[in-house]
Amino acid sequence: MDLPRTVSIIGTGSYVPEKVLTNHDLEKIVETTDEWIHSRTGMRERHIAAPGQASSDLGTEAAKAALADAGIEAGELDLLIVATLSPDMFFPSTACFVQEKIGAKNAYCYDLGAACSGFLFALDAAKNQIASGAVKTALVIGTEKMSTFIDWEDRGTCILFGDGAGAAVLQAGGEGRGIMKSVMGSDGSLADLLWTPGGGSRNPISHEMIDQRQQYLKMRGREVFKHAVVRMTEAVVQALEKNDVGVDEIKCFIPHQANIRIIDAIAKRLGIADRIYTNVEKYANTSSAALAIALDEAVKDGTIQKGDLVALTVFGGGFTWGANVLEWNR
Ligand code: COA
């Protein structure tokens, strides 16, 4: 049997819509304060898509930036995966809309649903497709228009989310280890702590469902917080073990950007506070886009350099969680 091939990220890109919504703006929408939001979450502002902009539009901008960064044409892509919990429509997939917009004629395309963990799950799926030899080049996108699916009357959730997209181009080859092995998990018994209960086949669209505001994201924040800290910490420890990497070897640690207090708690447990990358202050929680945007920014601002080992970790509805280690090789 052939040895698995090295799979590398050869380009990254991200995009956030123009409109900025600050905590002070939120004070005019729900009963809250900038002080409350910042002290509980670390967030100052988030970006909100224009009414006519859908998730595929945000994802397309991130995709174009990633392809330009990689220096390849869209026609060279064999596979395109979009991670999203805010698709343009139930079907066809948002990935097919992005394919059309960027001209990725030779790619097969699908959406992946793992809530906020989606980008890492998609990265792992694409990596394994490439490592197996089934495809050579893949584009992975995390894109969200969360502003459509949050309840702007619920101060416990509407302050937490923002819109945006991030993307990475993956290809066979490259020096060193590239994208290493993931650790991922799910626990469906806790689905009701973070979900959107209405609008699907369980609780279809009806006047009653809409009157009850079931089409919007619901969350039990305190419980989600605890699980997020435990699962992401465990996942990082397991991913380091699985890849035979010591915590001290990690140059940059990028967690899901959900809340600065969650990030700080993980950093403290792992003893890595000096190497954490965060941008939650600027974008809030952009769900499956968050990790992708942070990775792109960390590369572009020089935090991540060639040869660095980088640890990624995510957590989201389902529950779903995971971690991976990369050797940055470009
Ligand atoms: N402004 C002011 N007060 C608010 C508020 C807001 N935006 N949102 C909630 N409150 C109030 C609550 O009503 C509650 O009031 P009460 O004590 O009178 O009932 C009080 O603040 C405390 O609420 P609590 O839920 O205990 O706050 P918290 O310290 O747990 O912080 C979250 C709330 C949502 C910020 C926090 O639980 C959290 O971030 N959880 C994780 C969420 C997450 O990351 N989800 C996505 C995972 S992918």
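Above: the structure in question.
Residues numbered from 1 in each chain as written. Predicted model: local features only at pLDDT ≥ 70, side-chain atom pairs only at ≥ 80, totals over all residues. Heavy atoms only, no water.

## Quick notes on the overall build of the protein chain
Looking only at helices and strands, the protein chain has 11 helices and 13 strands in total. Expected size for 330 residues packed as a compact globule is a radius of gyration near 20 Å; at 19 Å, the protein chain falls within 12% of this value. Taking the principal axes of the C-alpha coordinates as reference, the protein chain spans close to 55 × 45 × 35 Å. Sequence separation of at least 24 residues holds for 77% of the intrachain contacts in the protein chain that already meet a minimum separation of 6. Accessible area for the protein chain stands at about 14,100 Å²; split by element, carbon and sulfur atoms hold 51% of it. (Helix = DSSP H or I, 4+ residues; strand = E, 2+ residues; numbered from the N terminus. Rg over C-alpha atoms; globule rule 2.2 N^0.38 Å. Contact = heavy atoms within 4.5 Å. Areas by Shrake-Rupley, 256 points an atom, 1.4 Å probe, with all protein chains shown as cover.)

## Concerning the side chain of Lys 127
Tracing the backbone through its elements, the reader meets Lys 127 in helix H5 (residues 118-131). Here Lys 127 occupies a buried position and makes no salt bridge, while the nearest side chain of opposite charge, Asp 124, is found at 5.6 Å. (Buried < 20%, exposed > 50% of the residue type's maximum accessible area, 1.4 Å probe, protein only. Lys, Arg positive; Asp, Glu negative; His and termini not counted. Salt bridge = Lys/Arg side-chain N within 4 Å of Asp/Glu carboxyl O.)

## So, the environment of Asp 301
Along the chain, Asp 301 turns up in the loop between helix H11 (290-300) and strand E12 (309-316). Sequence separation of Asp 301 and Gly 185 is 116 residues, and the distance between their C-alpha atoms is 31 Å. In terms of polar contacts, Asp 301 uses its side chain to reach the side chain of Thr 303, at 2.5 Å. (Polar contact = N/O pair within 3.5 Å; in protein donor to acceptor, adjacent residues only side chain to side chain.)

## Remarks on the sheet that holds strand E6 (residues 137-144)
With mixed pairing, the 5 strands of this open sheet are ordered in space as E1-E7-E6-E4-E5. Of all the strands in the sheet, the pair left with one neighbour each is strand E1 (7-15) and strand E5 (108-112). Between one strand axis and the next, the sheet turns through 15° on average, direction left out of account. Strand direction decides the pairing type here: E1 and strand E7 (residues 164-172), joined by 8 bridges, are antiparallel. If you follow Val 7 over to E7, its bridge partner there is Ala 172. On the sheet, H11 packs against E1 and E7 and is oriented at approximately 100° with respect to E1. (Pairing = 2+ DSSP bridges. Axes fitted to C-alpha atoms, helices over the stretch in contact; angles between N-to-C directions.)

## Quick look at the sheet that holds strand E11 (residues 250-255)
Reading across from one edge, E8-E13-E12-E11 is the order of the 4 strands in this open sheet, with mixed pairing throughout. The outermost strands of the open sheet, each flanked by one partner alone, are strand E8 (183-186) and E11. Averaged over all pairs of adjacent strands, the angle between strand axes in this sheet comes to 10°, irrespective of strand direction. Relative to E12, E11 runs parallel, the two sharing 5 bridges. Bridge pairing links Phe 253 to Ala 311 in E12.

## Concerning the side chain of Thr 12
As for its position among the elements, Thr 12 is in strand E1. With a relative accessible area of 1%, Thr 12 lands in the buried category. Side chain to side chain, Thr 12 and Asp 296 meet in a polar contact 2.7 Å long. With sequence-adjacent residues up to four places away left out, Thr 12 is seen in contact with Ala 65, Ala 66, Asp 69, Ala 167, Ala 168, Leu 295, Asp 296, Val 299, Lys 300 and Trp 328.

## Description of the site of the ligand
Taken together, 21 residues sit near the ligand, with Thr 32, Arg 155, Gly 221, Arg 222 and Asn 259 positioned nearest. At 3.2 Å from an oxygen atom of the ligand is found a side-chain nitrogen or oxygen belonging to Arg 40. Taking Arg 222, its side chain carries an N or O atom lying 2.2 Å from an oxygen atom of the ligand. Surface burial for the ligand is 73%, taken as the share of its 960 Å² of free accessible area covered by protein chains. (Near = heavy atom within 4 Å.)

## Some details on a positive patch on the surface
On the surface, Arg 40, Arg 222, Lys 226 and Arg 261 cluster together to form a positively charged patch. Overall, the relative accessible area of 34% leaves Arg 40 in the partly exposed class. (Patch = residues over 30% accessible without salt bridge, like charges linked within 9 Å, V, L, I, M, F, W, Y side chains within 5 Å. Charge placed at Lys NZ, Arg CZ, Asp CG, Glu CD.)

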